[in-house]
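Residue strings, one per chain:
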Amino acid sequence: MATVPIQSLDVEYPFRSPPPTVRLVRSESSTHPFALTVAAAWSCYGARPANVERVAELVAGNGDAARAARRERAAALYPDLFAAGHHTTFQHAHFVFVLDGVSRLAIWSFFHHHPFYNSEQVSQRYREVTGATMVTPELPAPLDALYRAAMERALAGYRRLVELLTPDLAVRYAEVFPARARSQRPEVQERVRTAVQRRAQEVARYVLPLATPAHLYHTVNALTLLRYFVLANQLDAPREVRYVVNRMVEEVLAVDPNFLGAPGHPLDPAVLALEETLEYQVLQSFTAALERSASEAFFREFDEALGPYHSRLVAHTPDAERVLADAVRAVLGRSRAELDDDTAIALVLDPAKNHYLGHPLFLAMHSKLMQTLTHVSFTFQKRISGAEDAQNQRHRGTLSSGPVLLAHLREEPDVIVPEDIARVPAALDEYLETIRVLWETKNRLLDAGVPAEYALYLLPNAHHVRFYESGTLLAYLWKWIKRLCFDAQWEIWETARQETEQVRQVLPRIGQYVAQPPCVLRDRAGLHPPCPEGERYCGVPVWRGYNPDALRVRRVL
């Protein structure tokens, strides 16, 4: 296998916009990942836990010559653990990074496209996007002007949509919070204005391109960072991602020069070139997928299969309700005669019987009884927007096989139209025109022969993403609880509603418990107040006379 040499981490940032900044928060990160890994490994075989500080002193060369042999063993052990696949030892060291100026494309395609991270990134709902800097690749002068004009048009469309959507949203906000809307107190009026503006920004962001930068805290362990290092050249944004990942590795090497191995004992991570990545190799046999457009036959097949849903249940555990009940009985050591199926299921899913469901920490992952929910699984076929998938990725227990965007580039706009935009004719016109400009610019860049990777930065948040997603009932239950809250953004809320509706149809004994937002769970568990959101309360007492079939009717905002 051909690999990329790692002698130098200094790679060019091939963009005209300022490069992203990468900073390791040293005070909150592991400062001795090499020593921590070795100490963890030695602890597996020692009479007592190895001391990380002493291993760090040993590696630093402190001590007499008699310790040289032990130092050499430590140096040799580190790459040996790596090569042999004993990777749990690399998971103790964690690194907290602050990334600033990274595109939404790179975040979606790479940094959030796996379950082994934690991030907090700037919200496009709560923060207005200024567009002062957009990620801009190196392009010839005429194409550069075309690209920049499209960015400006997208930002103008975003601002105009905020203006056009605000009156309708203000009317609907007043329906939910009439007393606030009538108030003459300046602080209340400001609260109303801010709330409406945020709603408008939430919807207007659908026209923002993936070139929009973001800042975020991003925490990974040493093993994940090494995997980043190996796979950073993969599709869809290899140039930007490679630059950021190399900076991350440099930041760690600055605190521990042995992170990639001690002198004379380097790691061999086998960094892959773009051409060596699996997706690139497979797509090479479909030349057009790497050059221009996707297969329209695929889109027809995929969309026809969805039917009336944008998230369709395509598979679930056979005899799931009996499997769940049997698992509950096995935990408790009870026979079917002693514990029937309905009661067993209720013990873990009915908040009136299981008060863990109302706990803010979601204790299911650590409860032996609630771990029975892992034996029931679901697979959904999904077509959602890039905006929704950016939120959907944060639920790392429900894993997706996301698309290679280069294989999904279509000639005509392929986007969601948010319901809030469809309600306002002027907003719909502005929305479609902004999308048209971005899409046509993307096509013109591809016609001019620029790297297809650069064209992806022009895709709007509204672009459709098609993929399959699977997870256990334990993982989906928490996701559905959080996303059925009326404070959740509309599109992902609607996805949760569709998914729980289908589960109720095929597994009624389980399904009767899955469509419960937080306030309904807390109310049924006897907790007060029912809504845990405080000042973020949606304004609708959903728990009163709760009926999951009426959710769509009751949601105004």
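For the structure, see preceding data.
Presented here is a report on the structure given in the accompanying data block.

Scoring rules and cut-offs
- Residues numbered from 1 in each chain as written.
- Predicted model: local features only at pLDDT ≥ 70, side-chain atom pairs only at ≥ 80, totals over all residues.
- Heavy atoms only, no water.
- Helix = DSSP H or I, 4+ residues; strand = E, 2+ residues; numbered from the N terminus.
- Rg over C-alpha atoms; globule rule 2.2 N^0.38 Å.
- Buried < 20%, exposed > 50% of the residue type's maximum accessible area, 1.4 Å probe, protein only.
- Contact = heavy atoms within 4.5 Å.
- Areas by Shrake-Rupley, 256 points an atom, 1.4 Å probe, with all protein chains shown as cover.
- Patch = residues over 30% accessible without salt bridge, like charges linked within 9 Å, V, L, I, M, F, W, Y side chains within 5 Å.
- Salt bridge = Lys/Arg side-chain N within 4 Å of Asp/Glu carboxyl O.
- Pairing = 2+ DSSP bridges.
- Axes fitted to C-alpha atoms, helices over the stretch in contact; angles between N-to-C directions.

### Observations regarding the overall build of the chain
And then number 1: Across its full length, the chain carries 23 helices and ten strands.
And then number 2: Against the compact-globule benchmark of 24 Å for 557 residues, the chain has a radius of gyration of 26 Å, which places it among compact chains.
And then number 3: On the principal axes, the C-alpha backbone points of the chain span a range of 80 × 75 × 55 Å.
And then number 4: When each of the 557 residues of the chain is scored for burial, the buried share is 54%.
And then number 5: Across the chain, every contact between residues at least 6 apart in sequence was considered, and the portion connecting residues at least 24 apart equals 80%.
And then number 6: Counting every atom, the chain has about 24,800 Å² of accessible surface; 53% of that belongs to carbon and sulfur.

### Observations regarding a nonpolar patch on the surface
And then number 1: Taken together, the side chains of Leu 278, Val 282 and Phe 286 present a nonpolar region at the surface, about 320 Å² in accessible area.
And then number 2: For Leu 278, the location among the structural elements is in helix α10 (residues 278–283).
And then number 3: Overall, the relative accessible area of 57% leaves Leu 278 in the exposed class.

### A few points about the environment of Arg 444
And then number 1: Relative to the assigned elements, Arg 444 resides in helix α17 (residues 425–447).
And then number 2: For the pair Arg 444 and His 112, spaced 332 residues apart in the sequence, the C-alpha separation amounts to 29 Å.

### Re the sheet that holds strand β2 (residues 94–103)
And then number 1: Pairing is antiparallel across the open sheet formed by four strands, whose spatial order is β1-β2-β4-β3. Edge positions in the sheet fall to β1 (21–24) and β3 (118–121), since each of these pairs with one other strand and no more. Across the sheet, the mean angle separating the axes of adjacent strands is 15° when strand polarity is ignored.
And then number 2: As judged from the four bridges shared by β3 and strand β4 (residues 213–221), these two strands associate in the antiparallel manner. Counted as the bridge partner of Ser 119 is His 218 from β4.
And then number 3: Strands β2, β3 and β4 of the sheet are contacted by helix α4 (residues 104–111), whose axis makes an angle of about 140° with β2.

By themselves, these figures tell us nothing about what the structure is for.
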